[in-house]
Amino acid sequence: MRSRHSTNGLLSRRALLAGTGAGALIQADTRGAAPFDPRDWDSVAAQFALNPRYANVTAWFMAPHPAAVRAAIAAYRRMLDVDPHLHHLPEEDFTRSARVRRALAEYLDVRPEEIALTDSTTMGLGLIYGGLRLRAGQEVLTTEHEFYPTHESLRLRAVRDGVVVRRIRLYDEPARASAGQMVSRLRAAIRPGTRALALTWVHSGTGVMLPLRQITRMVAEVNGRRDPGDRVLVCVDGVHGLGAEETRMPELGCDFFISGTHKWLFGPRGTGFVWGRAAAWKQVRASFTSFSMAGLTGWLNDRAPAGPPSDLHTPGGFHSYENRWALAEAVRFHQEIGHSRVSARTRSLAALLKAELAALPHVRLITPRDPLVSSGLICCTVEGLAPGAAVERLRAGHRVIAGATPYRQSSVRLGASIANTARQVETVIKAFAALRR
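Summary of the structure given here. Just so you know, these numbers come straight off a predicted model, no measurement behind them.

Things to note about the overall build of the chain
Link 1 in the chain: Within the chain, the regular secondary structure consists of 19 helices and 13 strands.
Link 2 in the chain: Scaling as 2.2 N^0.38, a compact globule of 437 residues should have a C-alpha radius of gyration of about 22 Å, and the chain matches this with 23 Å.
Link 3 in the chain: For the chain, the spread of C-alpha atoms along the three principal axes comes to 70 × 55 × 35 Å.
Link 4 in the chain: Buried positions account for 55% of the 437 residues belonging to the chain.
Link 5 in the chain: Looking at the chain alone, contacts between residues at least 24 apart form 72% of all its contacts between residues at least 6 apart.
Link 6 in the chain: A total of about 19200 Å² of accessible surface is found on the chain, and carbon and sulfur atoms cover 52% of it.

Encoded structure:
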């Protein structure tokens, strides 16, 4: 009997443990997947292993992985199972994590050394809001529309050292939110002591998308009259925009962009990142021990570590390496399709869903229809049905999987993406039409 590491159609042990072994394994693991034509939306949707009996439009509380990402995770996991010591060596992780940073940097149009890797959006928010350097008299301005991790990260910071955190409302009725209204309310709320804005690009409770480019231009005008230590830093939770919108940092103009990758980017679960401008990173104290060469070298030489933010602000410890390393494949999947094509597809499906839902007399659309202030995520309510009950009827009676928002004022949340076919979107529209008392 031949060894399972022989070369009869399988990789040899030497190839498996070599730096190129993962690539060959990934290629092998995708042979059984549906052919991938990035120009064909049905082919793109076929890369996902979603149950074909259901139309899954959950707006990706936790997204599925496309075939290339599933294969990469499996390949890296196999490598770690064969020789976990070799593949846990620091230089092995440094090399593969550097590849992930390069992929993200190309996607975001930034420098790899400006990207810290995290396990989630929540970890990234804690890293920034917990470490932000604030002088006496300076405050953080946020909004009532943020999700729990932002509010809680800021509350913990306030409890720890008395930092002032102030909240405002950017809109009263989300369906009628406008870019001008949100920018003007934010501008009116900025005070001389405001040091940071803690914002979310796409609000997961309403589907409202902030006009980030207009906001950052407004903040740039404010900062033009301030000393460097008083300038307002724009910090953005971007998780429901990343992968749905074109996400290029020079155009968005923010100082920090914090995101997980397991939603519209369809990245590996348990992965995320923080990007920051080089100057902005200098305003954040490191909150975690870094398992970087800079950190280890500093420790061995009994001195404080020195290095780029990508090293010093990436939390150390052991991670789910097979997932982290496979993030590069998720980025590549989007790039093969085309950044702008993914965004256009997501927006066209959202526009169709919003138009059809708004036409139903028993459905109240919460998300604005204006494409300037909305993205792929859609929130609505159904007359006579609590959100949880509506979600259950959609699943049980119509094989449509949606979600309910975890806010005080809950709603039904959905969003079609590149993982959905046009036929599934039609199924969703018919299902909502049938939801009557």
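Here the narrative resumes.
Concerning the side chain of Ser411
Link 1 in the chain: Along the chain, the position of Ser411 falls in the loop between strand 12 (403-404) and strand 13 (412-414).
Link 2 in the chain: Overall, the relative accessible area of 0% leaves Ser411 in the buried class.
Link 3 in the chain: Each residue touching Ser411, except ones within four places of it in the same chain, is listed here: Gly205, Ile366, Cys379, Cys380, Thr381, Pro387, Gly403, Ala404 and Thr405.

Some words on the sheet that holds strand 8 (residues 272-276)
Link 1 in the chain: One open sheet holds the seven strands; their spatial order is 2-8-7-6-5-3-4, and the pairing between them is mixed. Looking at strand neighbours, the two that pair on one side only are strand 2 (115-118) and strand 4 (164-168), the edges of this open sheet. Taking the axes of each pair of neighbouring strands and ignoring which way they run, one obtains an average angle of 20° across the sheet.
Link 2 in the chain: Of the strand pairs in this sheet, strand 7 (residues 256-260) and strand 8 are connected by five bridges, and their pairing is antiparallel. Pairing of Phe256 across the sheet is with Gly276, part of strand 8.
Link 3 in the chain: The sheet contacts of helix 7 (residues 121-131) involve strand 2, strand 5 (194-200), strand 6 (233-237), strand 7 and strand 8, and relative to strand 7 the element is tilted by about 150°.

Details of the packing of aromatic side chains
Link 1 in the chain: Tallied over the full model, the rule gives 12 aromatic pairs.
Link 2 in the chain: Three or more aromatic residues joined by ring pairs form one cluster here, namely Phe36, Phe48, Trp60, Phe266 and Phe333.
Link 3 in the chain: Just above the ring of Trp325 sits the side chain of Arg96; from NZ or CZ to the centre is 5.6 Å.

Remarks on unusual backbone geometry
Link 1 in the chain: Here Ala59, not a glycine, exhibits a phi torsion of approximately 55°, which is positive.
Link 2 in the chain: Examined against the element boundaries, Ala59 turns out to sit in the loop between strand 1 (55-56) and helix 4 (67-82).

Conventions and cut-offs
Residues numbered from 1 in each chain as written. Predicted model: local features only at pLDDT ≥ 70, side-chain atom pairs only at ≥ 80, totals over all residues. Heavy atoms only, no water. Helix = DSSP H or I, 4+ residues; strand = E, 2+ residues; numbered from the N terminus. Rg over C-alpha atoms; globule rule 2.2 N^0.38 Å. Buried < 20%, exposed > 50% of the residue type's maximum accessible area, 1.4 Å probe, protein only. Contact = heavy atoms within 4.5 Å. Areas by Shrake-Rupley, 256 points an atom, 1.4 Å probe, with all protein chains shown as cover. Pairing = 2+ DSSP bridges. Axes fitted to C-alpha atoms, helices over the stretch in contact; angles between N-to-C directions. Phe/Tyr/Trp six-rings, centres within 6.5 Å; stacked < 30°, edge-to-face > 60°. Lys NZ or Arg CZ within 6 Å of the ring centre and 35° of its normal.

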